[in-house]
Amino acid sequence: MNKTTPATVPAAEAPAPLKSAPSRPEPRPERSTGSRIGELVQRQGVLAVLLTVILIASFVYPTFASLDNARGVTVQASFLAIVALGMTLVIITGGIDLSVGSVFALGGVFAAWASQWGFLAALLVPLMVCGAIGLVNGLLIARANMAPFIVTLASLLAARGMLLAFTDEGATTYLVPKDSAFAELGQGSVWGFGYPILIALALFGVGGLLLQRTSFGQTLFAVGGSSDAATLMGLPVARTKILVYTLSGLLAGLAGALNAARLSSGVTIVGVGMELDAISAVVIGGTLLIGGAGSISGTLWGVLLLAVIQNLINQIGSLNSSYQSVVSGGFLIVVVVAQRYLARSRRTT
């Protein structure tokens, strides 16, 4: 029998392999309109409220829109703004700093005490003491894994106790020499704007650049979003926490020193409850208490909103300053509820 060999197809007639279509990146899902509006409200809602309140107050109270009143409001707000700047960095990392009020008062007393040795001593002494308190807070929180609430509450009590011991239970008041360069730092002005205002604006400008334009700022957001994930990414979580608490102490001490220069004395009763005002301004400005999101500009608008509310209460005259706490608490509740609603709506979209 003849064996037949299977027919072979010539190579030229073999079917050409199918060419795969070039891969295209999948389009990113578009965010819903509600999500965009929610993000805008969280970032700029406080600015809209601030402008609305200023506009209404200018019509109701003619003296509110005066230049002198605006200078007084901004100078008074500058000290809280500097403290709130450090608080913003801390809260973005998911922490809290309850010691800033006592550290603020302690910085003012040490600045007034050291002012007898000159300008540099009046600035360096409070910065060193208050920065050291912030450093201890950071080390205990980052290295010993202690709760920020407990650590900074202990620092609040320790700083206030140190203040009372240094001033003989408040009986001794240290005065800043008149016509000194340090007194000029708190009382002088450029083009009608006090030096504390200019210093606060400069610090906020640096803080905004640090938060948005540097790897350190991105590390803050990553640590606040998830400390464990940031560690797995190789980010310096412990070092970042130590640094932000140290910065918070330094800024609180600087604000206290500027306040002492403005008052020409180290007043011992200032700073009580200031930590709550700073936290309120930060949260009203859109920074999440759980960390991972926030902005420097929002904190500035939050501080100004609280200052404007206080000034309006003074303009009314028939209300005392305690009503500021009522209004501030109301704003804080509304903002926190709005943040929870916006976060929930983002997860569902």
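Just above, that's the structure.
Residues numbered from 1 in each chain as written. Predicted model: local features only at pLDDT ≥ 70, side-chain atom pairs only at ≥ 80, totals over all residues. Heavy atoms only, no water.

Undergrad: Lay out the layout of surface pockets in plain terms, naming residues and giving numbers.
TA: The space that makes up the largest pocket amounts to roughly 510 Å³. What lines the largest pocket is a set of 23 residues, among which Gln76, Ala77, Leu80, Met274 and Asp277 lie closest to the centre. Every element with two or more residues in the lining of the largest pocket is listed here: helix H2 (67–92), helix H10 (237–263), helix H11 (274–284) and helix H12 (296–316). (1 Å grid on protein atoms, 1.4 Å probe; cavity = no way out; pocket = protein on both sides within 12 Å on 5 of 7 lines; lining within 4 Å. Points joined across faces, edges and corners; volume = space filled by probe spheres on them. Helix = DSSP H or I, 4+ residues; strand = E, 2+ residues; numbered from the N terminus.)

Undergrad: Describe the side chain of serine 248, listing the residues and the values that go with them.
TA: Within the element layout of this structure, serine 248 appears in helix H10. Apart from residues no more than four positions distant in its own chain, serine 248 is found in contact with Gly86, Met87, Val90, Asp97 and Val100. (Contact = heavy atoms within 4.5 Å.)

Undergrad: How would you sum up the packing of H2 against helix H7 (residues 195–213)? Please name residues and give values.
TA: Between H2 and H7, the least distance of the axes is 8 Å, while the angle of their chain directions is 25°. Looking at the two axes, H2 sits roughly parallel to H7. You can see that H2 and H7 cross each other, and the crossing is left-handed. Along its contact with H2, which presents Arg71, Thr74, Val75, Ser78, Phe79, Ala81, Ile82, Leu85, Leu89 and Ile92, the element H7 presents Pro196, Ile197, Ile199, Ala200, Leu203, Phe204 and Leu211. Along the lines of polarity and charge, the residues of the contact of H2 with H7 split into 14 nonpolar, 2 polar and 1 charged. (Axes fitted to C-alpha atoms, helices over the stretch in contact; angles between N-to-C directions. Parallel < 35°, antiparallel > 145°, perpendicular 65-115°, else oblique. Left-handed = near helix turned anticlockwise from the far one by under 90°. Nonpolar A, V, L, I, M, F, W, Y, C, P; charged D, E, K, R; others polar.)

Undergrad: Help me get a handle on the pattern of salt bridges, residues and values and all.
TA: Where charged atoms from two side chains of opposite charge approach closely, those side chains can pair. Considering all chains together, one arrives at 1 salt bridge under this definition. The salt bridge partner of arginine 71 is aspartate 68, with a shortest N-O separation of 3.7 Å. With arginine 71 and aspartate 68 both in helix H2 and 3 residues apart, the pair spans about one turn of that helix. You can call arginine 71 partly exposed: its relative accessible area is 31%. Overall, the relative accessible area of 60% leaves aspartate 68 in the exposed class. (Salt bridge = Lys/Arg side-chain N within 4 Å of Asp/Glu carboxyl O. Buried < 20%, exposed > 50% of the residue type's maximum accessible area, 1.4 Å probe, protein only.)

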